[in-house]
Amino acid sequence: MRVALVNNNNNIFFAMARHLRDRGLDVTLLLAAGESPQFHPSWDTFDLDYQAYTRDLSWGDPIAFDAISASTIERSLDGFDKIVGCGATPAFLHKIGRPLDIFVPYGSDLKELPFRPPGFHRRHIRSLWQLPLAQRAGVRECPHIIGDPSPLISGPLASLGYRGTWHEVGLPMIYTPLYDPETILGRRDRSHWFYAIEQLRKDVDVLVFSHARHIWKGNVPPEWQKGNDKLFRGLRAASDARPDVRFGLVCLEYGPDVIPSKELVAELGLEDRVVWLPKTARKELMLGLAISDIGCGEFGESWLSCGTIYEVLAMGKPLLQRREDSLYTHAYPELYPVWDVKTSDDVQRHLVSYADDPDSMRTRAKSGRKWLLEYSVKRPLDTIQRLLERA
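Residues numbered from 1 in each chain as written. Predicted model: local features only at pLDDT ≥ 70, side-chain atom pairs only at ≥ 80, totals over all residues. Heavy atoms only, no water.

Caption draft 1: Region of interest: the overall build of the protein. The helix and strand tally for the protein stands at 13 helices and 13 strands. Here the C-alpha atoms of the protein give a radius of gyration of 21 Å, agreeing with the 21 Å that 2.2 N^0.38 yields for 391 residues. In terms of principal-axis extent, the alpha carbons of the protein reach across some 65 × 45 × 40 Å. Evaluated residue by residue, the protein yields a buried proportion of 57% over its 391 residues. Intrachain contacts of the protein at a sequence separation of at least 6 include 70% that bridge at least 24 residues. Approximately 16,100 Å² of the protein is accessible, and the part contributed by carbon and sulfur atoms is 48%. Of the side chains in the protein, 49 bear a positive and 51 a negative charge, and the two mean positions are spaced by 3 Å. (Helix = DSSP H or I, 4+ residues; strand = E, 2+ residues; numbered from the N terminus. Rg over C-alpha atoms; globule rule 2.2 N^0.38 Å. Buried < 20%, exposed > 50% of the residue type's maximum accessible area, 1.4 Å probe, protein only. Contact = heavy atoms within 4.5 Å. Areas by Shrake-Rupley, 256 points an atom, 1.4 Å probe, with all protein chains shown as cover. Lys, Arg positive; Asp, Glu negative; His and termini not counted. Charge placed at Lys NZ, Arg CZ, Asp CG, Glu CD.)

Caption draft 2: Region of interest: a nonpolar patch on the surface. Together, Ile125, Trp129 and Leu133 line one region of the surface with nonpolar side chains, adding up to about 300 Å² of accessible area. Note on placement: isoleucine 125 falls in the loop between α4 (108-111) and α5 (127-141). Accessibility expressed as a relative area gives 36% for isoleucine 125, which makes it partly exposed. (Patch = residues over 30% accessible without salt bridge, like charges linked within 9 Å, V, L, I, M, F, W, Y side chains within 5 Å. Salt bridge = Lys/Arg side-chain N within 4 Å of Asp/Glu carboxyl O.)

Caption draft 3: Highlighting the sheet that holds strand β13 (residues 339-340). Taking strand neighbours across the sheet as the criterion, the six strands line up as β10-β9-β8-β11-β12-β13 in an open arrangement whose pairing is parallel. The sheet terminates laterally at β10 (274-278) and β13, the two strands that pair on one side only. Judged from the three bridges that link them, strand β8 (residues 206-210) and strand β11 (residues 294-296) form a sheet pairing that is parallel. The residue of β11 that forms the bridge with serine 210 is cysteine 296. Here helix α7 (residues 194-203) sits on the sheet in contact with β8, β9 (247-253) and β10, set at roughly 145° to β8. Those strands touched by helix α11 (residues 307-314) are β11 and β12 (319-321), and its axis lies near 160° from that of β12. (Pairing = 2+ DSSP bridges. Axes fitted to C-alpha atoms, helices over the stretch in contact; angles between N-to-C directions.)

Caption draft 4: The arrangement of the packing of helix α8 (residues 228-241) against helix α9 (residues 258-267) in detail. Where α8 contacts α9, the two axes come as close as 10 Å, and the packing angle between them is 15°. Taken together, the axes of α8 and α9 are roughly parallel relative to one another. Regarding α8 and α9, the two cross each other, and that crossing is right-handed. In this structure, α8 contributes Asn228, Asp229, Phe232 and Arg233 to the contact, and α9 contributes Ser261, Leu264 and Val265. Partitioned by chemical class, the residues of the contact of α8 with α9 number three nonpolar, two polar and two charged. (Parallel < 35°, antiparallel > 145°, perpendicular 65-115°, else oblique. Left-handed = near helix turned anticlockwise from the far one by under 90°. Nonpolar A, V, L, I, M, F, W, Y, C, P; charged D, E, K, R; others polar.)

Caption draft 5: Structural detail: unusual backbone geometry. In this model, asparagine 7 sits at a positive phi of 90°, which is unusual for a non-glycine residue. For asparagine 7, the location among the structural elements is in the loop between β1 (2-6) and α1 (12-22). At asparagine 10, a residue that is not glycine, the phi angle is positive and equals roughly 60°.

Caption draft 6: View of the side chain of aspartate 44. In this fold, aspartate 44 is placed in the loop between β2 (26-31) and β3 (54-56). The exposure class of aspartate 44 is buried, given its relative accessible area of 0%. A polar contact of 2.9 Å, which involves the side chain of aspartate 44, links it to the side chain of arginine 18. Leave out the neighbours within four places in its chain, and aspartate 44 touches Asn11, Phe14, Arg18, Leu178, Tyr179 and Arg282. (Polar contact = N/O pair within 3.5 Å; in protein donor to acceptor, adjacent residues only side chain to side chain.)

Caption draft 7: Representation of the packing of aromatic side chains. The full count for this structure, using the stated rule, is eight aromatic pairs. Judged by centre distance (6.2 Å) and plane angle (80°), the ring pair of phenylalanine 14 and tyrosine 50 falls under edge-to-face. Residue phenylalanine 14 is found in helix α1, and its partner tyrosine 50 is found in the loop between β2 and β3; the two are separated by 36 residues along the sequence. Neither phenylalanine 14 nor tyrosine 50 differs from the other in exposure class; each is buried. (Phe/Tyr/Trp six-rings, centres within 6.5 Å; stacked < 30°, edge-to-face > 60°.)

Caption draft 8: Quick peek at the nonpolar core. Counting residues in each nonpolar core, the largest one holds 68 residues, and the members touching the most others are Leu5 and Phe13. No other element matches helix α13 (residues 358-388), which puts eight residues into this core. Apart from residues no more than four positions distant in its own chain, phenylalanine 13 is found in contact with Leu5, Val6, Asn7, Asn8, Leu29, Val84, Gly85, Cys86 and Val104. Core analysis: the next-biggest nonpolar cluster, separate from the first, contains 29 residues, Leu30, Leu77, Ala134 and Val139 among them. (Core = buried A, V, L, I, M, F, W, Y, C linked by side-chain atoms within 4.5 Å.)

Caption draft 9: Geometry of α9. Regarding α9, the residues found buried are Val258, Pro260, Ser261, Leu264 and Val265. All buried residues of α9 fall inside an arc of 160° around its axis, so they share one side. Relative to its buried face, α9 has exposed residues pointing more than 90 degrees away, namely Ile259, Glu263 and Glu267. Lining the buried residues of α9 we find α8, β9 and β10. (Arc of directions from axis to C-beta.)

Purely spatial values, then, with no claim about function.
As structure tokens, then:
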């Protein structure tokens, strides 16, 4: 059985491909046209092994949907027995009359693509209406959807009248054999930015790592808000509450509100405690997390899973994150440890608690990686493999 994983948005399918290949499956990763450079496999590995099972597609960009012929899609998928996809893959497979076997949505591909135009290009006017219609049909035709319990999945599925099976499991989006806190630092010599993080590490007592996009001022839907300002204000308050402890922070120049974030850092007098990295590869982020004390997710809406969360869990670090447990307990018998953040006061409290008793938080945080290995690696991979191996 040959399996194609189509589209690597958020680096999900490259991690999944490696996990499935480790289980003996014949998996090929197909990179869609128009994918962001940050989702290229080279950003998520230290070697070139991916080249043996990765191919580029000439299609997959939703804006150019109207320009891709059915024969082009069919030729590129010839010989594959099962197809797993995200992004606009459901729409492109609908064009050739082949239902996607498993849909693994990452967000906007389910919340937005079936309901609104993908973007405007004067050479692809017909995509404005063709793509949403095809995406809607393609999702409905797909018998299986994989994804955590979330209104970002349940809401669109209800609107679409989806009648297939939604498997409420996490996504194996982190290749944990590589990103192991016991071994990852052996690759520090291959890093561009480790030296900068290491220098700050030497200069502070408590190092916090936050690699979420900066979105906290603009007029965007609540689910996209990251609440980055709460982190900066909480860091300032913790520094004032414990002047004997030097707190430091690593952030990324990533997102529409980077400039307001830098202005707030200056206003709060934290410039000498914050290192700004350029938008960078996961492999760089994981090295930085490995020598940090605390990792951060998002402080807007409640989330159980996303790349930033899973990356912190993989490194076994205490995680600051907004989470409403009642939204997820129906799907999981247990949840990973989290230090919940609703306000900047929560950030201050957690940072001071760490400074007072770091061993307690470190010990509790180690169970986060165990949770990840069980609920975001083993169980979803078991589900995916079972679905793929069905006749």
